[in-house]
Amino acid sequence: NSDRIKVFNLNESTSYEVDKGLVFSFDETDQLFAVSDGKSISVYESGTSLSKINTDIYLPREIAISSTNNLLAIINKNSLQVFSLSDNNLIYQTTINAPESFRDLKISEDKIITGIHFKNDNISQGITRVYSVTGDLLNEIKGEQKLLRTIDKSLYKPIQKSEYEP
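Residues numbered from 1 in each chain as written. Predicted model: local features only at pLDDT ≥ 70, side-chain atom pairs only at ≥ 80, totals over all residues. Heavy atoms only, no water.

S.K.: Explain the overall build of the chain to me, using residue names and the numbers behind them.
M.R.: Along the chain, the regular secondary structure elements total zero helices and 14 strands. Whereas a compact globule of 166 residues would reach a radius of gyration of roughly 15 Å, the chain reaches 20 Å, over 25% beyond that. Dimensions of the chain along its principal axes, counting C-alpha atoms only, are 60 × 55 × 30 Å. The buried share among the 166 residues of the chain stands at 37%. Across the chain, the fraction of contacts at a sequence separation of at least 24, relative to all contacts at a separation of at least 6, is 30%. Element-wise, carbon and sulfur atoms account for 47% of the exposed surface of the chain, whose accessible area totals about 10800 Å². Taking the average place of the 18 positive charges on the side chains of the chain and the average place of its 23 negative ones, the gap between the two points comes to 9 Å. (Helix = DSSP H or I, 4+ residues; strand = E, 2+ residues; numbered from the N terminus. Rg over C-alpha atoms; globule rule 2.2 N^0.38 Å. Buried < 20%, exposed > 50% of the residue type's maximum accessible area, 1.4 Å probe, protein only. Contact = heavy atoms within 4.5 Å. Areas by Shrake-Rupley, 256 points an atom, 1.4 Å probe, with all protein chains shown as cover. Lys, Arg positive; Asp, Glu negative; His and termini not counted. Charge placed at Lys NZ, Arg CZ, Asp CG, Glu CD.)

What follows is the structure, given as structure tokens:
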């Protein structure tokens, strides 16, 4: 069925089918599996559907699930949403704007860890932001900056489009 994907648990030599999505993640025990189609997040345990959480995270980039922390988190370019697995309620949401964009996501030791890319005309830089499970910013670590070359566009001739001739 083209609306489903097959999930393999190599540790237990089992497999099952789940709804197709854009991003997916296993929890730390490999028992819970989450997949997002851009409208909702489906959560499975060993192939059995547990819940479906509606979200407004379109074009998700990453999803993370943790049974230990009882959390599910999802990012797209500008938004982070964190949900409780026990009641599927949104715990918190945070947004960022250009020139920053979310790139990576992890749940570890009661913390939500995000990787952010900062880029403007002159600088490209990685940033790690660590949030508490309630949304407080705990730490921010900035990586090295890469200076970007600026190109003087006035030195280039404009490209003229020509009409197609058979």
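Structure's up, so let's keep going.
S.K.: Describe the packing of aromatic side chains, listing the residues and the values that go with them.
M.R.: All told, the structure shown has three aromatic pairs when counted by the stated rule. Through pairs of rings, three or more aromatic residues link up here, namely Phe24, Phe26 and Phe33. (Phe/Tyr/Trp six-rings, centres within 6.5 Å; stacked < 30°, edge-to-face > 60°.)

S.K.: Could you give me a rundown of the environment of Ile53, with the residues and numbers involved?
M.R.: Relative to the assigned elements, Ile53 resides in strand E6 (residues 48–54). Accessibility expressed as a relative area gives 2% for Ile53, which makes it buried. Between the alpha carbons of Ile53 and Asp136 there is a distance of 23 Å; along the sequence they are 83 residues apart. Residue contacts for Ile53: discarding those within four places in its chain leaves Lys39, Ser40, Ile41, Leu72, Phe83 and Asn88.

S.K.: Residue-level account of the environment of Leu137, with values.
M.R.: One can find Leu137 in strand E14 (residues 137–147). In this structure Leu137 comes out as partly exposed when scored by relative accessible area, which is 48%. Separated by 25 residues in the primary sequence, Leu137 and Ile112 have C-alpha atoms spaced 9.5 Å apart.

Purely spatial values, then, with no claim about function.
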